2 protein chains.
Amino acid sequence: MRTAIATVSLSGSLEDKLAAAASAGFDGVEIFEPDLVASPLSPARVRETADGLGLSIDMYQPFRDFEGVGPERLEANLRRARRKFELMGELGAGTMLVCSNVAEDAIDDPELSAAQLHRLAEEAQQHGVRIAFEALAWGRHISDYRDAWAVVERADHPALGTCLDSFHILSRGSDPAAIERIPGDKIFYLQLADAPVLGMDVLQWSRHHRCFPGQGGFDLAAFMGHVRAAGYDGPWSLEVFNDHFRQAEPERIAVDARRSLLALGEQVGAADVPPAPRAERFAFAELAVGPASGDRAAEVLEAMGFAHVGPHRSKPVHQWRQGDARVLLNHGDGHAGDDALVSALGVESADPDGAAARAEDLGAALLPRRRGPGEADLAAIAAPDDTTVLFCRTTSGRDLWVGDFVDLEGHPGGDECGITGVDHIVLSQPFDYFDEAVLFYRSVLGLEPRSAQDVAAPHGLLSSRALEAADGRLRLAITVPRLGGGDGRLGELQHVAFAGRDVLGSAHRMRERGVPLLAVPDNYYEDLEARTDLGPERIEALRAAGVLYDADDRGGEFLQLFTEMIGDRLFFEVVQRVGGYDGYGAANSPVRLAAQLNNVTQDGRGVHA
Amino acid sequence: MRTAIATVSLSGSLEDKLAAAASAGFDGVEIFEPDLVASPLSPARVRETADGLGLSIDMYQPFRDFEGVGPERLEANLRRARRKFELMGELGAGTMLVCSNVAEDAIDDPELSAAQLHRLAEEAQQHGVRIAFEALAWGRHISDYRDAWAVVERADHPALGTCLDSFHILSRGSDPAAIERIPGDKIFYLQLADAPVLGMDVLQWSRHHRCFPGQGGFDLAAFMGHVRAAGYDGPWSLEVFNDHFRQAEPERIAVDARRSLLALGEQVGAADVPPAPRAERFAFAELAVGPASGDRAAEVLEAMGFAHVGPHRSKPVHQWRQGDARVLLNHGDGHAGDDALVSALGVESADPDGAAARAEDLGAALLPRRRGPGEADLAAIAAPDDTTVLFCRTTSGRDLWVGDFVDLEGHPGGDECGITGVDHIVLSQPFDYFDEAVLFYRSVLGLEPRSAQDVAAPHGLLSSRALEAADGRLRLAITVPRLGGGDGRLGELQHVAFAGRDVLGSAHRMRERGVPLLAVPDNYYEDLEARTDLGPERIEALRAAGVLYDADDRGGEFLQLFTEMIGDRLFFEVVQRVGGYDGYGAANSPVRLAAQLNNVTQDGRGVHA
């Protein structure tokens, strides 16, 4: 499986783009004409640079509005094409992309288009290059891949083939099955892009919202099934116009891009990646804390009923535990300053080594780990927000991480305040890298993404997306501001949501023990009473506990209890799922976020106390 | 003309929103239910707060999916409504907005809807409140304002009227003329929103992309003509869901919002604002410079053929001039650090006092000015990017600013290097305030905006929008990153484009004089030759001069010459318009931006030299 990427998919100068593509392991590139035109490098120098990096230049693109024109325009177009063929010779690019004419005055005559493309192919052949003709979804008369192929077939020239672009085909809702009727050797090129399902103008959709395979809503596995059945064996090339990718670090986006192709290749049996062992649960959540935030976090955990199991044998890290919920406070990490942040997640599976091998194959760099004698050998990688993901086992083997901690009192793992485990963890992501994060967790950890949801925070909209293991025992949600800009207030919160047996009971027990719980406004309960038939007693019980309520339409219920902030970015939640409720209480998030802003607690202390 | 705004249009807590609305001069607010539900203030306390700020609570909104339901649902809805009527009594809100049912299972029966709304109105009346029924553009069966009115008319209850929302009406392309057939006293409320013309799903369009009147593409003046003809005399209320506004400073957005209503009121003769005197040209561009950047700017201006006219009589500001182009270097402003930035624009008109009075009426704060004895009395305001706009006259009157400068040698205003004046000035804008900036320049200065254009910079997309005086003699363009995020590289450039008599001649003269000109890649000229019929000689002349070329389809031509950067954000351009060319060379901007990134000049010096 040969991989390529169009330079327009990456940011920076042409040199930056080539370097990023090579470093991520791509075999080739498509050079987007404006990138070359704006470059101070001559075409020959670009070729040298690509050669030096081990990249082939698979395509030069695009040449627009060539066919379906009058005779005078045809001559001008041929003159322009000859100049580009010469340039392609210097570049060492063997194939030119020609897109179907989009001009208002394009002539609707397939025979004319075929004849004109034949002439172009004849000239191309003399220059030793090939023409790949593609239907743009908004082409004036040729907008379907079957029509483009019909013209190519009619033109019947060895230097003329077609180019398939998954966006142009799937965005129109065209059935890709007829791809199988195109001879594989007449498919000169394959461009892949995914896209979220957006009800919008296809041109705007295409120019701003394409994404890498697996990041959108197209069924690219089925698409590739047809392409492979047709016998295509050329490069799988990414041509992705995306506003975020255009401004992000090209090295990072190139890694994301190649990962998307490998994951797609795996899906259709064209790439060989070690399988993802089932992520069974979070073994632990590790928080980086400073001196004051460390004291505060320990105080809150203790009040919440967690027991201090003991310190790590060689590092300034302490294990806290209640039921199966384990929290590590890392007092020596330093990267949170005196704030408290989720710095690492322990992901438990039956095969941590296999998980790490897969991660590495998918472009996640293994992090170096300092390890004392006899300590567990855990493989660690960095997630897109720099959270460390450690692959581990809690019960056996050399990756038995709990053995690295002193167990002061042989802690039995009771649930003093009704916490039985970790329900989910919510991490905020860097703005331009949200799609990367979704693909990372999906492909590297084998989680299933749910659809994204908007959440109205007092200072702007957030997007939130959950990713879950197939059995629902490991749940992660990631959030990002819907726009950049803003001042970031409340946009970067993280939290660990613990699973509770009886959240109302936990609330009362925790309040007695001095846990700083978030104050929920009375107006919330007034509205809850008006819009549900919970009845006054149940409402009063929720109000007295400061617990938020959600329900699904199959009778499932969800109870949520929040602490105040620990520092500026982190808080804890305790949740209870009843009757198969499978969501995250998104309807309550605006109330919770406003309460966090209001910065007032039921016992009168500030959020940052 | 009474003005109101929905709390959902602003960011922050409910208290923040009320304070911002009052401070911008609004008379009333619509309280959006989620803002109340999330607030720690009781309804009675909200009422007190609004009273204290001089704000009425004109509407409580919205109540959804009330009508077109089965009998059981109706009873539940009525129970919910009663709770809300009680709450409205505490709030002091007299009108409730009820939106047409959007549920899949809504019943398509106008008679049933009318009967159910009649029952609701009857209950409302008992609580002393009124119901305003509105058709949502995506209502299941009632999506047109005429259908909503027909149901209201059929229900025939004194406590039931309709609410008109310009977005829901104009987004569907409905003809607003039939508004005139609704009795004015049955229009219980009016919500105004504009929106850019976007080919997208109407729900997404409505929830994320509404904007204030005059910021989008709807003809709200015509719309208001019909509303006024119907006899409506209630508040003009802004209900604007906008991702940017939701995360911006509420005080600032409230000022922008009220400005939009005043400008609309002026258009239809409902508001009395002093007229905008014609902005005739830029009297000057003032640059804030530091010690090194000041020396560099003076050196470059001198090399470009500008003469040092002399210093200001009382401030560390120097006037430089060539032809009618005047540049002030302000060595004492300090806010640019040691960078160079456009800090002020002198806008010349026949009536600077009138321009300032208009600006103040439209919510622009007049800036305090330090003035020596006998110096010109110039009114100054701050533009959205904090650039100072000074209203002045160059030729006569007490605002004759040139008299404040010493004229060392009685400078004749020659054009040593062919510069005859200022063609346009380009300023970058803060991300969340771009719509505000467009409205500011349009309404305060009376400029005409052109449509926005995307520009592909090497590190992301920019949006650029030109605003021009009616006679085309004053041209301003403003740019903003299309997304937030990114690292801001090249997204925040400013430049002053001078008008040249003969840009090719200027280029050679300036190169001789040591002006650091931006290097244009050879590939640009290769492509220009391939795609135009300029011919080798003309291409060679452009290449030798380092001049970029653009043409329109009516034979107009545009020549552009750029300097290197002066500091990190500022550069100069010299342009020549031939044959009525009326654009800004947007097609060349990616090449220019890449050349700026490439940071290489024809004489081998760095951009930041």
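Values in this document were obtained by computation on a predicted structure and should not be read as measured data.

Q: Before we go on, may I ask you to explain the overall build of chain A in this structure?
A: Along chain A, the regular secondary structure elements total 17 helices and 24 strands. Across its three principal axes, chain A shows a C-alpha extent of roughly 85 × 60 × 40 Å. Sequence-distant contacts, at least 24 apart, represent 76% of the contacts inside chain A between residues at least 6 apart.

Q: What am I meant to see in the sheet that holds strand E2 (residues 28-32) of chain B here?
A: Strand pairing in a sheet takes place through backbone hydrogen bonds and is either antiparallel or parallel in direction. Residues and elements named next belong to chain B. The strand order around the closed barrel built from 8 strands is E1-E2-E3-E4-E5-E6-E7-E8, with neighbouring strands paired in parallel fashion. On average, each strand axis in the sheet is tilted by 30° relative to the strand beside it, whichever way the strands run. On top of the sheet, helix H6 (residues 145-155) reaches strand E5 (130-134) and strand E6 (160-165); it is set at about 170° to E6, its chief contact. With respect to the sheet, helix H11 (residues 250-267) is in contact with strand E1 (3-6) and strand E8 (236-238), its orientation differing from that of E1 by roughly 135°.

Q: Looking at this structure, how should I read unusual backbone geometry?
A: The general pattern is negative phi for most residues beyond glycine and trans for most peptide bonds. Residue and element names in this part refer to chain A. Omega for the bond connecting glutamine 61 with proline 62 falls within 30 degrees of zero, at -15°, which places this linkage in the cis form. Inspection of the secondary structure assignment puts proline 62 in strand E3 (residues 56-63). For aspartate 156, which is not glycine, the phi torsion reads 45° and is therefore positive. Within the secondary structure, aspartate 156 is located in the loop between helix H6 (145-155) and strand E6 (160-165).

Q: Teacher, can you tell me more about the nonpolar core here?
A: Across soluble globular proteins, nonpolar side chains show a tendency to be buried alongside one another. Residues Ile131(A), Leu287(A), Ile425(A), Ile131(B), Leu287(B) and Ile425(B) are the most contacted members of the largest nonpolar core, which totals 398 residues. Excluding residues within four positions of it along the chain, Ile131(B) makes contact with Met96(B), Val98(B), Leu117(B), Leu120(B), Ala121(B), Ala124(B), Ala159(B) and Leu160(B).

Q: In this structure, what is going on with the relation of the copies chain B and chain A? I would like to understand it.
A: Two copies of one chain are present, and they are related through a rotation about an axis combined with an axial shift. Mapping chain B onto chain A leaves a residual RMSD of 0.0 Å; the transformation is a rotation of 180° accompanied by 0.0 Å of translation along its axis. In short, the pair behaves as if placed about a two-fold rotation axis. Mapped onto chain A, 100% of the interface residues of chain B are again interface residues, and the two copies thus contact each other with one and the same surface.

Q: I'm lost on the sheet that holds E6(A) in this one. Help?
A: Residues and elements named next belong to chain A. In space, the 8 strands of this closed barrel follow the order E1-E2-E3-E4-E5-E6-E7-E8, with parallel pairing throughout. Each adjacent strand pair in this sheet contributes to an overall mean axis angle of 30°, direction not counted. In the sheet, strand E4 (residues 95-99) pairs with strand E5 (residues 130-134) via 5 bridges, with the strands oriented parallel. Counted as the bridge partner of methionine 96 is isoleucine 131 from E5. Contacting strand E2 (28-32), E3 and E4, helix H4 (residues 71-91) crosses the sheet at an angle of about 165° to E3. Along the sheet face, helix H10 (residues 250-267) touches strand E1 (3-6) and strand E8 (236-238) and points at about 135° away from the line of E1.

Q: How should the domain arrangement of chain A be read in this particular structure?
A: Residue and element names in this part refer to chain A. In terms of domain boundaries, chain A breaks down into domain 1 (3-267) and domain 2 (281-598). The straight-line distance from the C-alpha centre of domain 1 to that of domain 2 is 43 Å. Counting from both sides, the interface comprises 15 residues of domain 1 and, opposite them, 10 residues of domain 2. Residues that form the side of domain 1 that touches domain 2 fall into these classes: 7 nonpolar, 5 polar and 3 charged.

Q: Help me out: how do you make sense of the interface of chain B and chain A in this one?
A: Often the size quoted for an interface is simply the accessible area lost on bringing the parts together. With 48 residues of chain B at the contact, the number on the chain A side is 48 residues. Among the secondary structure elements, those contributing two or more residues to the side of chain B that touches chain A are helix H2 (33-37), helix H4 (71-91), helix H10 (243-247), strand E19 (460-468), helix H16 (522-531) and helix H18 (589-598) of chain B. The greatest single-element share of the side of chain B that touches chain A, amounting to 7 residues, is contributed by H16(B). Partitioned by chemical class, the residues of the side of chain B that touches chain A number 20 nonpolar, 16 polar and 12 charged.

Q: I'm lost on the pairing of strand E11 (residues 317-322) of chain A in this one. Help?
A: Within a regular strand, the side chains alternate between the two sheet faces. Residue and element names in this part refer to chain A. Burial analysis of E11 places 6 of its 6 residues in the buried class, the great majority of the element. Side-chain alternation along E11 places Val317, Gln319 and Arg321 on one buried face and His318, Trp320 and Gln322 on a second face that is also buried. Where strand E10 (residues 307-311) and E11 come together, 4 bridges link them in antiparallel fashion. Paired with histidine 308 across the bridge in E11 is tryptophan 320. From the end of E10 to the start of E11, which pair antiparallel, there are 5 residues. Bridge count for E11 against strand E12 (residues 325-330) is 6 bridges, and the pairing is antiparallel. When the bridges of E12 are listed, tryptophan 320 appears paired with valine 327. Hairpin remark: E11 followed by E12, antiparallel, with 2 residues in the connecting loop; positive phi at glycine 323, about 55°.

Q: I tried to follow the packing of helix H15 (residues 522-531) of chain A against helix H16 (residues 536-545) of chain A on my own but got confused; where do I start?
A: A pair of packed helices is captured by two measures, namely the crossing angle of their axes and the spacing between those axes. Residue and element names in this part refer to chain A. At a closest axis distance of 10 Å, the pairing of H15 and H16 adopts a crossing angle of 155°. On the basis of their axis angle, the class for H15 and H16 is roughly antiparallel. The handedness of the crossing between H15 and H16 comes out as right-handed. On H16, the residues touching Tyr525, Leu528 and Glu529 of H15 are Pro536, Ile539, Leu542 and Arg543. Along the lines of polarity and charge, the residues of the contact of H15 with H16 split into 5 nonpolar, no polar and 2 charged.

Q: How should H10(A) be read in this particular structure?
A: Given 3.6 residues per helical turn, the α-helix brings residues three or four places apart onto the same face. All names here are of chain A. Taking 1.5 Å per residue as the helical rise, H10 with its 18 residues ought to reach 26 Å, and the 26 Å between its terminal C-alpha atoms agrees with that figure. Where burial is concerned, most of H10 is hidden: 14 out of the 18 residues are buried. Glycine 269, located one to two residues past H10, shows a positive phi value of around 80°.

Q: What is the right way to look at the packing of H11(B) against helix H14 (residues 434-445) of chain B in this model?
A: All names here are of chain B. Running from N to C, H11 and H14 point in directions that differ by 40°, and their axes come no closer than 10 Å. It follows from the interaxial angle that H11 and H14 lie oblique. When you trace H11 past H14, the crossing you get is left-handed. Between H11 and H14, the residues in contact are Asp256, Arg259, Ser260 and Ala263 and Glu436, Leu439 and Ser443, respectively. A per-class count over the contact of H11 with H14 returns 2 nonpolar, 2 polar and 3 charged.

Q: Just checking my understanding: could you explain the pairing of strand E18 (residues 453-457) of chain B for this structure?
A: Residue and element names in this part refer to chain B. Relative to E19, E18 runs antiparallel, the two being bridged by 5 bridges. Looking across to E19, one finds that aspartate 454 is bridged to serine 463. Hairpin connection from E18 to E19: 2 residues lie between these consecutive antiparallel strands.

About the thresholds
Residues numbered from 1 in each chain as written. Chains lettered and ligands numbered in written order. Predicted model: local features only at pLDDT ≥ 70, side-chain atom pairs only at ≥ 80, totals over all residues. Helix = DSSP H or I, 4+ residues; strand = E, 2+ residues; numbered from the N terminus. Contact = placed C-beta atoms within 7 Å. Pairing = 2+ DSSP bridges. Axes fitted to C-alpha atoms, helices over the stretch in contact; angles between N-to-C directions. Core = buried A, V, L, I, M, F, W, Y, C linked by C-beta atoms within 7 Å. Buried ≥ 20, exposed ≤ 12 C-beta atoms within 10 Å, placed from the backbone. Least-squares fit on C-alpha atoms with pLDDT ≥ 70 in both. Domains from an automatic or database assignment. Nonpolar A, V, L, I, M, F, W, Y, C, P; charged D, E, K, R; others polar. Parallel < 35°, antiparallel > 145°, perpendicular 65-115°, else oblique. Left-handed = near helix turned anticlockwise from the far one by under 90°. Expected span 1.5 Å × (residues − 1).

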